[in-house]
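Examination of the molecular architecture
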Amino acid sequence: MKRARLSLLVSLALAIPGLLMVWDLLANAAWPMDLLAPSGELAVRLMVLAMLPGPLVELVGTNRFLKGWLPIRRNLGVAASGYGLLHLAFYVIDMTPAGIVSELGLPGIWTGWLALALLMVPASISFNTAVRWLGRRWKTLQRLVYPALLLALAHWLLLGWSSTPALVHVAPLVLVWAARAWKRHRIRKGAFTA
Ligand code: HEM
(Lines give C-alpha, C1' and ligand atoms only; values in the text may rest on other atoms or scores of the structure.)
Protein backbone atom coordinates (compact mmCIF):
# COMPACT_ATOMS: atom_id res chain seq x y z
CA MET A 1 0.00 0.00 0.00
CA LYS A 2 1.25 3.49 -0.85
CA ARG A 3 2.56 5.40 2.17
CA ALA A 4 0.16 8.35 1.73
CA ARG A 5 -2.83 6.02 1.54
CA LEU A 6 -1.69 4.07 4.60
CA SER A 7 -1.19 7.34 6.49
CA LEU A 8 -4.71 8.49 5.60
CA LEU A 9 -6.28 5.17 6.61
CA VAL A 10 -4.41 5.12 9.92
CA SER A 11 -5.39 8.74 10.66
CA LEU A 12 -9.04 7.97 9.93
CA ALA A 13 -8.95 4.89 12.16
CA LEU A 14 -7.29 6.88 14.96
CA ALA A 15 -9.99 9.56 14.70
CA ILE A 16 -12.86 7.09 15.28
CA PRO A 17 -12.74 7.01 19.13
CA GLY A 18 -12.66 10.83 19.19
CA LEU A 19 -15.64 11.07 16.84
CA LEU A 20 -17.54 8.62 19.06
CA MET A 21 -16.74 10.75 22.12
CA VAL A 22 -17.97 13.91 20.38
CA TRP A 23 -21.07 12.01 19.21
CA ASP A 24 -21.82 10.91 22.79
CA LEU A 25 -21.43 14.49 23.97
CA LEU A 26 -23.72 15.91 21.26
CA ALA A 27 -26.29 13.16 21.82
CA ASN A 28 -26.26 13.90 25.57
CA ALA A 29 -25.14 10.31 26.17
CA ALA A 30 -22.13 11.55 28.19
CA TRP A 31 -21.19 14.62 30.20
CA PRO A 32 -17.96 16.44 29.26
CA MET A 33 -16.46 15.31 32.57
CA ASP A 34 -17.19 11.65 31.66
CA LEU A 35 -15.06 12.11 28.54
CA LEU A 36 -12.01 13.54 30.32
CA ALA A 37 -10.67 10.16 31.41
CA PRO A 38 -11.06 8.33 28.03
CA SER A 39 -9.61 11.22 26.01
CA GLY A 40 -6.68 11.78 28.40
CA GLU A 41 -5.86 8.07 28.62
CA LEU A 42 -5.99 7.68 24.86
CA ALA A 43 -3.61 10.64 24.44
CA VAL A 44 -1.08 8.96 26.76
CA ARG A 45 -1.56 5.55 25.09
CA LEU A 46 -0.91 7.05 21.65
CA MET A 47 2.18 8.91 22.91
CA VAL A 48 3.60 5.65 24.23
CA LEU A 49 2.77 3.85 20.97
CA ALA A 50 4.50 6.61 19.00
CA MET A 51 7.61 6.44 21.19
CA LEU A 52 8.02 2.64 21.35
CA PRO A 53 9.13 1.58 17.85
CA GLY A 54 12.32 3.72 17.76
CA PRO A 55 14.03 2.11 20.78
CA LEU A 56 12.53 -1.30 19.87
CA VAL A 57 14.27 -1.22 16.49
CA GLU A 58 17.56 -0.41 18.21
CA LEU A 59 16.96 -3.29 20.60
CA VAL A 60 15.82 -6.10 18.32
CA GLY A 61 16.53 -4.81 14.81
CA THR A 62 13.86 -4.41 12.15
CA ASN A 63 11.29 -7.08 11.44
CA ARG A 64 8.02 -7.11 9.48
CA PHE A 65 6.03 -5.95 12.49
CA LEU A 66 8.29 -2.99 13.26
CA LYS A 67 8.54 -2.13 9.56
CA GLY A 68 4.77 -1.65 9.60
CA TRP A 69 4.82 0.26 12.87
CA LEU A 70 7.66 2.73 12.15
CA PRO A 71 5.99 4.62 9.27
CA ILE A 72 2.86 5.34 11.33
CA ARG A 73 4.77 6.87 14.27
CA ARG A 74 3.97 10.38 13.09
CA ASN A 75 0.25 9.59 12.79
CA LEU A 76 0.29 8.22 16.33
CA GLY A 77 2.06 11.31 17.68
CA VAL A 78 -0.26 13.74 15.88
CA ALA A 79 -3.30 11.76 17.08
CA ALA A 80 -1.93 11.92 20.65
CA SER A 81 -1.84 15.72 20.50
CA GLY A 82 -5.31 15.72 18.89
CA TYR A 83 -6.69 13.73 21.83
CA GLY A 84 -4.85 16.10 24.20
CA LEU A 85 -6.70 18.99 22.55
CA LEU A 86 -10.03 17.13 22.66
CA HIS A 87 -9.41 16.43 26.36
CA LEU A 88 -8.83 20.15 26.90
CA ALA A 89 -12.02 20.95 24.96
CA PHE A 90 -14.04 18.65 27.26
CA TYR A 91 -12.45 20.36 30.27
CA VAL A 92 -13.27 23.85 28.94
CA ILE A 93 -16.88 22.85 28.19
CA ASP A 94 -17.19 21.39 31.67
CA MET A 95 -15.80 24.48 33.46
CA THR A 96 -16.60 28.19 33.73
CA PRO A 97 -13.84 30.66 32.62
CA ALA A 98 -13.39 31.71 36.28
CA GLY A 99 -13.07 28.04 37.30
CA ILE A 100 -10.40 27.44 34.66
CA VAL A 101 -8.38 30.44 35.86
CA SER A 102 -8.75 29.48 39.53
CA GLU A 103 -7.43 25.95 38.84
CA LEU A 104 -4.40 27.07 36.78
CA GLY A 105 -2.07 27.09 39.77
CA LEU A 106 -2.91 23.53 40.88
CA PRO A 107 0.00 21.14 40.21
CA GLY A 108 -2.41 18.51 38.84
CA ILE A 109 -3.70 21.05 36.31
CA TRP A 110 -0.70 23.13 35.21
CA THR A 111 1.22 19.94 34.50
CA GLY A 112 -1.55 19.08 31.99
CA TRP A 113 -1.37 22.52 30.35
CA LEU A 114 2.41 22.35 30.09
CA ALA A 115 2.31 18.77 28.74
CA LEU A 116 -0.12 19.88 26.05
CA ALA A 117 1.90 23.00 25.17
CA LEU A 118 5.04 20.88 24.71
CA LEU A 119 3.15 18.23 22.75
CA MET A 120 1.91 20.86 20.31
CA VAL A 121 5.46 21.64 19.13
CA PRO A 122 6.33 18.23 17.61
CA ALA A 123 2.75 17.87 16.33
CA SER A 124 2.87 21.21 14.52
CA ILE A 125 6.12 20.35 12.73
CA SER A 126 5.15 16.82 11.75
CA PHE A 127 4.62 17.56 8.05
CA ASN A 128 7.32 16.83 5.46
CA THR A 129 8.11 20.46 4.61
CA ALA A 130 8.88 21.19 8.27
CA VAL A 131 11.23 18.18 8.39
CA ARG A 132 13.17 19.55 5.40
CA TRP A 133 13.03 23.12 6.66
CA LEU A 134 14.26 22.52 10.17
CA GLY A 135 16.97 19.98 9.34
CA ARG A 136 18.72 18.83 12.50
CA ARG A 137 16.61 21.10 14.71
CA TRP A 138 13.57 18.98 13.77
CA LYS A 139 14.89 16.03 15.77
CA THR A 140 15.73 18.28 18.73
CA LEU A 141 12.20 19.68 18.73
CA GLN A 142 10.73 16.18 18.43
CA ARG A 143 12.47 15.32 21.69
CA LEU A 144 10.01 17.59 23.50
CA VAL A 145 7.74 14.52 23.62
CA TYR A 146 9.90 13.18 26.48
CA PRO A 147 9.21 16.06 28.93
CA ALA A 148 5.62 16.14 27.60
CA LEU A 149 5.13 12.48 28.53
CA LEU A 150 6.72 13.04 31.93
CA LEU A 151 4.41 15.98 32.61
CA ALA A 152 1.34 14.07 31.37
CA LEU A 153 2.30 11.26 33.72
CA ALA A 154 2.75 13.70 36.64
CA HIS A 155 -0.64 15.24 35.73
CA TRP A 156 -2.29 11.80 35.79
CA LEU A 157 -0.60 10.76 39.04
CA LEU A 158 -1.55 14.05 40.73
CA LEU A 159 -5.20 13.84 39.64
CA GLY A 160 -5.76 10.09 39.77
CA TRP A 161 -7.10 8.06 42.66
CA SER A 162 -4.58 5.31 42.03
CA SER A 163 -1.10 5.42 40.51
CA THR A 164 -1.37 1.90 39.01
CA PRO A 165 -3.09 2.79 35.67
CA ALA A 166 -0.60 5.58 34.92
CA LEU A 167 2.39 3.38 35.73
CA VAL A 168 1.01 0.44 33.72
CA HIS A 169 0.71 2.72 30.68
CA VAL A 170 4.34 3.82 30.73
CA ALA A 171 5.79 0.47 31.89
CA PRO A 172 6.40 -0.89 28.33
CA LEU A 173 8.36 2.23 27.41
CA VAL A 174 10.42 2.16 30.60
CA LEU A 175 11.21 -1.55 30.07
CA VAL A 176 12.29 -0.99 26.46
CA TRP A 177 14.42 2.03 27.43
CA ALA A 178 16.07 0.04 30.21
CA ALA A 179 16.77 -2.90 27.87
CA ARG A 180 18.21 -0.51 25.26
CA ALA A 181 20.45 1.17 27.84
CA TRP A 182 21.68 -2.27 28.92
CA LYS A 183 22.35 -3.23 25.29
CA ARG A 184 24.25 0.03 24.66
CA HIS A 185 26.28 -0.59 27.80
CA ARG A 186 27.13 -4.14 26.64
CA ILE A 187 28.18 -2.84 23.22
CA ARG A 188 30.39 -0.18 24.81
CA LYS A 189 31.95 -2.80 27.09
CA GLY A 190 32.55 -5.06 24.09
CA ALA A 191 34.19 -2.19 22.23
CA PHE A 192 36.52 -1.52 25.16
CA THR A 193 37.64 -5.16 25.55
CA ALA A 194 38.18 -5.70 21.80
C1 HEM B 1 -4.57 21.16 28.60
C2 HEM B 1 -4.50 21.00 29.84
C3 HEM B 1 -5.18 19.89 30.58
C4 HEM B 1 -6.18 20.03 31.49
C5 HEM B 1 -6.80 21.31 31.93
C6 HEM B 1 -6.51 18.70 31.96
C7 HEM B 1 -7.48 18.42 32.90
C8 HEM B 1 -7.75 17.18 33.44
C9 HEM B 1 -8.70 16.90 34.48
C10 HEM B 1 -9.58 17.92 35.17
C11 HEM B 1 -8.66 15.58 34.72
C12 HEM B 1 -9.44 14.80 35.79
C13 HEM B 1 -10.52 13.98 35.15
C14 HEM B 1 -11.33 13.20 36.17
O15 HEM B 1 -11.53 13.69 37.27
O16 HEM B 1 -11.71 12.10 35.80
C17 HEM B 1 -7.67 15.00 33.85
C18 HEM B 1 -7.31 13.69 33.81
C19 HEM B 1 -6.39 13.15 32.97
N20 HEM B 1 -5.67 13.81 31.99
FE21 HEM B 1 -5.71 15.80 31.66
N22 HEM B 1 -5.72 17.78 31.32
C23 HEM B 1 -4.89 18.47 30.46
C24 HEM B 1 -3.94 17.94 29.61
C25 HEM B 1 -3.69 16.60 29.49
C26 HEM B 1 -2.77 16.01 28.55
C27 HEM B 1 -1.94 16.80 27.53
C28 HEM B 1 -2.80 14.67 28.74
C29 HEM B 1 -2.07 13.57 28.03
C30 HEM B 1 -1.21 13.71 27.08
C31 HEM B 1 -3.73 14.40 29.80
C32 HEM B 1 -4.02 13.15 30.30
C33 HEM B 1 -4.88 12.90 31.35
C34 HEM B 1 -5.10 11.60 31.92
C35 HEM B 1 -4.42 10.31 31.48
C36 HEM B 1 -6.03 11.76 32.95
C37 HEM B 1 -6.52 10.70 33.92
C38 HEM B 1 -7.68 9.98 33.39
C39 HEM B 1 -8.18 8.96 34.37
O40 HEM B 1 -8.52 9.34 35.49
O41 HEM B 1 -8.22 7.79 34.00
N42 HEM B 1 -4.26 15.59 30.23
N43 HEM B 1 -7.13 16.00 33.06
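Fair warning: this is a prediction, and the values are worked out from it, not measured in the lab.

This brings us to the packing of aromatic side chains. Applying the stated criterion to the full structure yields two aromatic pairs. Here tyrosine 146 and tryptophan 177 contribute two aromatic rings whose centre-to-centre distance is 5.7 Å and whose plane-to-plane angle is 45 degrees, an arrangement assigned as tilted. With tyrosine 146 in helix 10 (residues 145-159) and tryptophan 177 in helix 11 (residues 164-193), this residue pair connects regions lying 31 residues apart in the sequence.

We now examine the site of the ligand. Looking at the ligand, there are 18 residues lining it, with Glu41, His87, His155, Trp156 and Leu159 nearest. Within the side chain of histidine 87, a nitrogen or oxygen atom sits 2.8 Å from a nitrogen atom of the ligand. Histidine 155 has a polar side-chain atom sitting 2.8 Å from a nitrogen atom of the ligand. The site holding the ligand turns out to be the second largest pocket. Going through the elements one at a time, helix 2 (36-51), helix 5 (73-94), helix 7 (107-124) and helix 10 are the ones with two or more residues in the shell around the ligand. Looking at the shell around the ligand element by element, the count peaks at seven residues for helix 2.

Metal coordination angles in their ideal form are 109.5 degrees for the four-donor tetrahedron and 90 or 180 degrees for the six-donor octahedron. All of the protein donors around the iron atom of the ligand are His87 (NE2) and His155 (NE2); their distances to the metal are 2.0 Å. Classification of the site at the iron atom of the ligand as octahedral follows from its six donor atoms and the range of 88 to 180 degrees in their angles at the metal. Taken as a pair, histidine 87 in helix 5 and histidine 155 in helix 10 lie far apart in primary sequence, 68 residues in all. Each member of the pair, histidine 87 as well as histidine 155, is classed as buried.

This brings us to the nonpolar core. Residues Leu46 and Leu149 are the most contacted members of the largest nonpolar core, which totals 44 residues. Of all elements in the fold, only helix 1 (3-26), helix 2, helix 4 (64-69), helix 5, helix 7, helix 10 and helix 11 reach the threshold of two or more residues within this core. Ranked by residues supplied to this core, first place goes to helix 2 with nine residues. The residues touching leucine 149, leaving out its near neighbours within four places in the chain, are Val44, Met47, Val48, Met51, Val170 and Leu173.

Within this structure's numbering, the places UniProt gives as "transmembrane region" (unreviewed entry) are residues 43-63, 75-93, 113-131, 143-160 and 166-182. Across residues 43-63 one finds 81% helix and 0% strand; the C-alpha atoms that close the span lie 27 Å apart.

The rules behind the values
Residue numbering note: each chain is counted from 1, following its sequence as written. Given that this is a predicted model, residues contribute local features only at a pLDDT of at least 70 and side-chain atom pairs are listed and counted only at 80 or more, while totals for whole chains, interfaces and linings are drawn from all residues. Hydrogens and waters are ignored; side-chain quantities use all the structure's heavy atoms. Any two of the Phe, Tyr and Trp rings considered here, Trp counted by its six-membered ring, make a pair once their centres fall within 6.5 Å; the pair's planes then place it as stacked at under 30 degrees, edge-to-face at over 60, or tilted in between. Helix numbering and strand numbering both begin at the N terminus, where a helix is a DSSP run of H or I of at least 4 residues and a strand a DSSP run of E of at least 2. Nearness here has a simple test: a residue counts as near a molecule or strand if at least one of its heavy atoms is within 4 Å of that partner. Polar contacts here mean pairs of N or O atoms no more than 3.5 Å apart (in protein, one a potential hydrogen donor and the other a potential acceptor; neighbouring residues in sequence count only if both atoms are side-chain atoms). Detection works on a 1 Å grid of protein atoms alone, calling trapped sets that fit a 1.4 Å probe cavities and calling open sets with protein on both sides within 12 Å along at least five of seven lines pockets, with lining residues defined by an atom within 4 Å of a point. Think of it this way: if more than half of a molecule's atoms are within 2 Å of a pocket's grid points, that molecule is in the pocket or cavity. For Na, K and Ca the donor cutoff is 3.2 Å, while for all other metals N, O and S atoms count as donors only within 2.8 Å; water does not appear among the atoms, so some sites may look incomplete. Here a site with four donors is tetrahedral if all angles are between 85 and 135 degrees, and a site with four or six donors is square planar or octahedral if opposite donors are over 155 degrees apart and the other angles are between 65 and 115; anything else gets the irregular label. For every residue, the accessible area (1.4 Å probe, protein chains only) is compared with the maximum for its type, and the residue is labelled buried under 20%, exposed over 50%, or partly exposed between those bounds. To form a nonpolar core, buried Ala, Val, Leu, Ile, Met, Phe, Trp, Tyr and Cys residues must be joined to one another through side-chain atoms within 4.5 Å. Any pair of residues with heavy atoms lying within 4.5 Å of one another is described as a contacting pair. UniProt positions are given in the numbering used here, feature names are shortened, and annotations may be inferred rather than shown by experiment.

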